[in-house]
Amino acid sequence: MPNQRYPTIEIESILPHTLSFTLAHTDVSMANSLRRVMIGEVPTLAIDMVEFEDNTSVLQDEYIAHRLGMIPVGFVNSEGRMGDPTDRRDRSGQGRSQQASSDNRTFRFQRECDCQNEEQYCEQCGVMFELKVEYDEVMRRRKEEHMMGGDEDGDLVLDEKVIVTSRDLISSNDRVKIANFLSDTEEDSSYDKGITIVKLSKGQRLHLKCVAYLGISKEHAKWCPCAVANYKFWPEIHINKEAIATLTTDQRRALVAECPDHILEYVEESGEIVSVDNAHKIATFTEDLAMLQNSMKDQPEDEDFVSVVQSESRFYFTIESSGSMDAEEIVKSALKVLRAKLETVKTETEALDV
């Protein structure tokens, strides 16, 4: 029986929309499983059904529906963060039927829901959004605001385009909202008011209702919570001090200066060569370093001065959110999904009649 491993996670940097961490004491199969689950099997909300009541814009209904589906929809948990919409520990407190009380998840998949109403959704499996924008009405309000400002002879342009954005989508659930921006910094630096859906000209209008359902990215990319989810092997940098001692000062400096990845640093006081602090981020395991060292060796079979190999038990992850969930919540949800899969494998194998 193989030795049992106890994987650990060490957070390096964390922001609401980005997360960097080190996964250690495991192997590449577990690292890749975690990455694949984060990309393809973390449940999120996304607009999946659109009903158009009026559309006189230049874009067809199908085109607008596709754009709506790709807008990130987030669930605000009890901590005020974009969290897991299926978390059993985080109920919205809204009215639920007795049939649904046995499953206390905040949201469930539509295929698992018992609702049979004409609207094809209920509070437990979907959220309604409504969008209603009329060019003439928007320009009328702008003109009134302009007049109230006391600038009757100002430069108000009455024939400019009206931009319909994700901010115009009104949610029926206070805890489900559109992720217009990843962060306040991005919002402050942006010239847009949200994610652009369509532009309206004089006399045009757009009125629609849509429903966001729970889903996973294996079904469609619009349910993917990640913009980036990747890992790289942790570099194990071995510096042969005995071999380096045979080099002259100029050779040591040349080795550091010409290292393709710039993962080495020369310490003037001691004359030693050390690895830089962020070597795990910039190491690319290129063979150019070995070729450079060969030119400095007396014999080709001599030991390398510096060797960089991929760790088999330590991995560096970088996660960036698409906006529907905070990066930390993506990792937590992925670990929960992965654990459920392993529990299923364990249960099924124990039930085998061998």
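The rules behind these values
Residues numbered from 1 in each chain as written. Predicted model: local features only at pLDDT ≥ 70, side-chain atom pairs only at ≥ 80, totals over all residues. Heavy atoms only, no water. Phe/Tyr/Trp six-rings, centres within 6.5 Å; stacked < 30°, edge-to-face > 60°. Lys NZ or Arg CZ within 6 Å of the ring centre and 35° of its normal. Pairing = 2+ DSSP bridges. Helix = DSSP H or I, 4+ residues; strand = E, 2+ residues; numbered from the N terminus. Axes fitted to C-alpha atoms, helices over the stretch in contact; angles between N-to-C directions. Contact = heavy atoms within 4.5 Å. Expected span 1.5 Å × (residues − 1). Buried < 20%, exposed > 50% of the residue type's maximum accessible area, 1.4 Å probe, protein only. Polar contact = N/O pair within 3.5 Å; in protein donor to acceptor, adjacent residues only side chain to side chain. Core = buried A, V, L, I, M, F, W, Y, C linked by side-chain atoms within 4.5 Å. Salt bridge = Lys/Arg side-chain N within 4 Å of Asp/Glu carboxyl O.

With respect to the packing of aromatic side chains
In this structure the tally under the stated criterion is six aromatic pairs. Taken together, the ring pairs in this structure connect Phe21, Tyr231, Phe233, Phe315 and Phe317 into an aromatic cluster. Its guanidinium or amino end placed over the ring of Phe109, Arg111 lies 4.5 Å from that ring's centre, counting from NZ or CZ. Here Lys222 stacks its cationic end above the ring of Trp223, 5.0 Å away from the centre of that ring.

Concerning the sheet that holds strand β2 (residues 18-24)
Strand order in the open sheet formed by four strands is β1-β2-β15-β12, and the pairing between neighbours is antiparallel. Taken across any chain shown, the strands that pair with only one partner, and hence form the sheet edges, are β1 (8-14) and β12 (226-239). Strand-to-strand twist in this sheet, taken as the mean axis angle between neighbours without regard to direction, amounts to 30 degrees. Helix-sheet contacts for helix α1 (residues 28-40) involve β2, β12 and β15 (306-321), and the interaxial angle to β12 is about 160 degrees. Along the sheet, helix α9 (residues 327-350) contacts β1, β2, β12 and β15; its crossing angle with β2, the most-contacted strand, is approximately 40 degrees.

Section: α1
Its 13 residues place the ends of α1 18 Å apart at the C-alpha level, agreeing with the 18 Å of an ideal helix rising 1.5 Å per residue. Taken residue by residue, α1 has Ala31, Leu34, Val37, Met38 and Gly40 as its buried positions. Where α1 is buried, its residues meet β2, β12, β15 and α9.

Re the side chain of Asn77
Note on placement: Asn77 falls in the loop between β4 (73-76) and β5 (82-83). In this structure Asn77 comes out as buried when scored by relative accessible area, which is 10%.

A word on the environment of Asn240
You can see Asn240 is positioned in the loop between β12 and α5 (241-244). A polar atom in the side chain of Asn240 sits 2.7 Å from the side chain of Glu303.

Digging into the nonpolar core
Core analysis: the biggest nonpolar cluster contains 30 residues, and Leu68, Val73, Phe129, Leu131, Leu169, Val176 and Ile197 have the highest contact counts within it. The residues contacting Phe129, other than those within four sequence positions of it, are Val73, Leu169, Ile170, Ser171, Val176, Ile178, Leu208, Lys209, Cys210 and Ala212. Counting 21 residues, the second largest nonpolar core, distinct from the first, contains Leu19, Ala31, Met325 and Ala327.

Some points on the pairing of strand β6 (residues 126-134)
As paired strands, β6 and strand β11 (residues 205-215) are joined by nine bridges and run antiparallel to one another. Paired with Val133 across the bridge in β11 is Leu206.

A few points about the pattern of salt bridges
Note that side chains of opposite charge can pair when their charged atoms are close. Considering all chains together, one arrives at 21 salt bridges under this definition. The partner of Lys218 in a salt bridge is Glu41, with the nearest N and O atoms 3.3 Å apart. Remark: Glu41 occurs in the loop between α1 and β3 (44-55) and Lys218 occurs in the loop between β11 and β12; sequence separation between them is 177 residues. We classify Glu41 as buried; its relative accessible area is 16%. A salt bridge links Asp54 to Arg205; the nearest nitrogen and oxygen atoms lie 2.4 Å apart. Of this pair, Asp54 sits in strand β3 while Arg205 sits in strand β11, and the two are 151 residues apart along the sequence. Within this structure, Glu79, Arg81, Glu328, Glu329 and Lys332 form a network of salt bridges that share partners.

No statement about biological role is implied by the geometric values presented.
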